[in-house]
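Each chain is listed here by its residues.
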Amino acid sequence: MGFRGTVTDAPDFDASADAETLYNAMKGIGSDKEAILDLVTGRSNAQRQEIVQAYKSSYGKDLIDDLKYELTGNFERLIVSLMRPQAYHDAKEIHDAIKGAGTDEKCLIEVLASRNNQQIHDLVEAYTDAYGSDIEEDVTGETSGHFKKMLVVLLQGTRDEPGVVHADLIEEDAQVLLAAGEEQWGTEESIFIMLLGNRSFNHLQMVFDKYQEIAEKSIEDSIKSELSGDFERLMLAVVQCIRSVPMYFAKRLYKSMKGLGTQDNTLIRIMICRSEIDMLDIRECFRMCYEKSLYNMIKEDTSGDYKRTLLALCGGDDDLAGEFFPEAAQLAYKMWETSAMTKVQLRPTIRPASDFDPADDAQNLRKAMKGFGTDEDVIIDIVANRSNEQRQEIRQAFKSILGRDLMKDLKSELSKNLERLIIGLMLTPAEFDAKMMRKAMEGAGTDEHALIEILVTRSNEEIHAMNAAYQDGEAYSKSMEEAIQSDTSGRFSQILTSLVQVTFIASELADACNEDSDDMEIKFMSILCTRSFPHLRRVFQEFVRCSNKDIEQIIKKEMSGDVKQAMYGIVRSVKNQPNYIAERLYKAMKCIGTDDRALIRIMVSRSEVDLFNIRKEFKETHDCSLHEFIQVETMVVSFHILHVE
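Residues numbered from 1 in each chain as written. Predicted model: local features only at pLDDT ≥ 70, side-chain atom pairs only at ≥ 80, totals over all residues. Heavy atoms only, no water.

A. Up close: the packing of helix α6 (residues 86–98) against helix α8 (residues 117–131). Packing of α6 against α8 brings their axes to within 8 Å, and their N-to-C directions diverge by 70°. Considering their axes alone, α6 and α8 lie roughly perpendicular with respect to each other. Viewed along their axes, α6 and α8 form a crossing whose handedness is right-handed. Judged by residue contacts, Ala-87, Tyr-88, Asp-90, Ala-91, Lys-92, Ile-94, His-95 and Ile-98 of α6 engage Asp-122, Leu-123, Ala-126, Tyr-127, Asp-129, Ala-130 and Tyr-131 from α8. Taken together, the residues of the contact of α6 with α8 sort by class into ten nonpolar, one polar and four charged. (Axes fitted to C-alpha atoms, helices over the stretch in contact; angles between N-to-C directions. Helix = DSSP H or I, 4+ residues; strand = E, 2+ residues; numbered from the N terminus. Parallel < 35°, antiparallel > 145°, perpendicular 65-115°, else oblique. Left-handed = near helix turned anticlockwise from the far one by under 90°. Contact = heavy atoms within 4.5 Å. Nonpolar A, V, L, I, M, F, W, Y, C, P; charged D, E, K, R; others polar.)

B. How the structure looks around helix α14 (residues 219–226). What α14 keeps buried is the set Ile-219, Glu-220, Ser-222 and Ile-223. Viewed end-on, α14 has its buried residues packed into an arc of 160°, placing them on one side of the element. On its buried side, α14 packs onto α11 (170–180), α12 (189–198), α13 (201–215) and α15 (229–243). (Buried < 20%, exposed > 50% of the residue type's maximum accessible area, 1.4 Å probe, protein only. Arc of directions from axis to C-beta.)

C. Broad picture of the domain arrangement of the protein chain. Once the domains are mapped, the protein chain shows domain 1 (86–156), domain 2 (167–243), domain 3 (358–426) and domain 4 (440–639). For domain 2 and domain 3, the distance between their C-alpha centroids amounts to 48 Å. (Domains from an automatic or database assignment.)

D. The arrangement of the nonpolar core in detail. By size, the foremost hydrophobic cluster in this structure holds 195 residues, and its most contacted members are Ile-94, Leu-196, Met-271, Met-437, Phe-524, Leu-528 and Phe-540. Examining the composition of this core, we find that 13 residues originate from one element, helix α36 (residues 561–590), more than from any other. With residues up to four places along the chain from it excluded, the contact list for Phe-524 reads Leu-509, Ala-512, Cys-513, Cys-529, Ile-551, Ile-554, Ile-555, Met-559 and Met-567. (Core = buried A, V, L, I, M, F, W, Y, C linked by side-chain atoms within 4.5 Å.)

E. Layout of the packing of aromatic side chains. Counted by the stated rule, this structure contains nine aromatic pairs. Summarising the aromatic geometry, the rings of Tyr-586 and Phe-629 are spaced 5.2 Å apart at their centres and angled 35° between planes, so their arrangement reads as tilted. Separated by 43 residues along the polypeptide, Tyr-586 in helix α36 and Phe-629 in helix α39 (residues 626–633) bring together distant segments of the chain. The residues Tyr-586 and Phe-629 share a single accessibility class, namely buried. Between Phe-618 and Phe-629 the ring centres are 5.4 Å apart and the planes differ by 65°, which places this aromatic pair in the edge-to-face class. Remark: Phe-629 occurs in helix α39 and Phe-618 occurs in helix α38 (residues 611–622); sequence separation between them is eleven residues. Under the relative-accessibility criterion, Phe-629 is labelled buried at 11%. By the ring-pair criterion, three or more aromatic residues cluster together here, those being Tyr-23, Tyr-55 and Tyr-59. (Phe/Tyr/Trp six-rings, centres within 6.5 Å; stacked < 30°, edge-to-face > 60°.)

F. Looking closely at the packing of helix α1 (residues 15–25) against helix α2 (residues 33–41). Across the interface, α1 lies against α2 with an axial gap of 9 Å and an inter-helix angle of 155°. Comparing the axis directions of α1 and α2 gives the class roughly antiparallel. For α1 against α2, the interelement crossing comes out left-handed. On α2, the residues touching Asp-18, Thr-21, Leu-22 and Ala-25 of α1 are Ala-35, Ile-36 and Leu-39. A class-by-class count of the residues in the contact of α1 with α2 yields five nonpolar, one polar and one charged.

Right under this line is the structure:
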């Protein structure tokens, strides 16, 4: 692969002239920060080292010391770090990670999992030169167990060179990994360490494909189920780098800026170390995975000269682009292929109760609501620990034994969000979906996001049942299709109607990109609203191959308003539905004030489908568990009943 960085050698370079410019920028009262950042980001690291030498030769002073004196905060850390040779910067990051109070395991994982053999050798040498000690001894003194062993293996820098593939060992290695983990009681961690720490990336990519074929699950899922703690995080990072180093760094960058506060150490470290290697590919991967360009996320999350320097290293804004770089196109094609092949086991958080007695539950619910006050704990305990099918039996038993309507009693005894949550759980899934659709369209304004979320994530059978429940609702005078048509308009209405009707080709989509907006929207709608998800995964994969374009970016670039949101929701749901829903949950809580209706709608509807998968996606994307996020962002303490821990 050729150069994929954003920072290159400056033409007509003159180290002495640059040294003089920097000296003048720091002379007198104050400093010319703009001149400093423009010059430093406009030179390669090799040229910066010449400037450091020229500065000392001309002025008898240490340039880095002067920069530290003149600059402050994150801007100072970023500029000073840019002036160090890359190996010495890595050495300092490792040294800082293991010295002082506590160890920064995430830094150790990121640096050692992502560097090639030569970079590791340079790092080891630079560490000894800078700190007068052995990096392996220092790292092993601060770590333990299998985590320590894998770090030692990575520090040797003895991985097979790129391109080396042992064709006769691919299936054998896959079988050995399977036998070391999934097929035995306990895990032979040493096997994982030996293979993942020494085979080439090219070889291991083929091993992982063969592993998926044999085990019918990804190596990542096996690692998550077999390993734990820092060792698990390290091995996952190694696997991610084997699959795609740019994708690994794109995810690290996203997590460094997502949520409260910015992890500036991580942001600075990655932007510096990749600016002359593969920042263009990282940008493409970032755009592929998230809803904005890396450039715009940096712009929104940082400020001042620090921001301007980071943006210079980033090198450009991809939000207006629609086509892939060649390497990114291959990666996108592979991602869709993996998505199409992967068999995801959907896991709920609520399961049927054993020794279930609907009559006993009905009596206990009645006791909890009789007399003065209501025993909410009893209600929560019963409702949250029964499947929806069992709850329907309780409703029937409540009426048969007590002659009362359980739903009415619950509404009279509970209030606010707890009442909405418990009632939602007591409805059948079809009744609940129909009610949520009705709520999204009634009153002033329409909740388009709710309509999109519900319709793009339900199966054919679920939509049929929702239609029937909507029609049977006592307060509903029209069909769901009629309600949508009267409450929405234009192409958005047509999309939603197509999804409700449930009558679920790459070259056609590619050709449509060249047509006017109306024709393109019609063609996209005819395909995205009618094909099955497995079919669409293959369509989107071929779309990359025949157009060199990103389906999501085309939708964001060429469409607008609710039509764009609907189409985008379909694509995200096709790619990874639990991830799409996890993002909907995040958005429901991240702004000022919580969207309780969306929170309740999602938690209720997914608790017996895939809430466990959604929890996993939430944690991976936001470095915070869904349980923790709910505790921080909302006062609705009753959400623990859906087992989001």
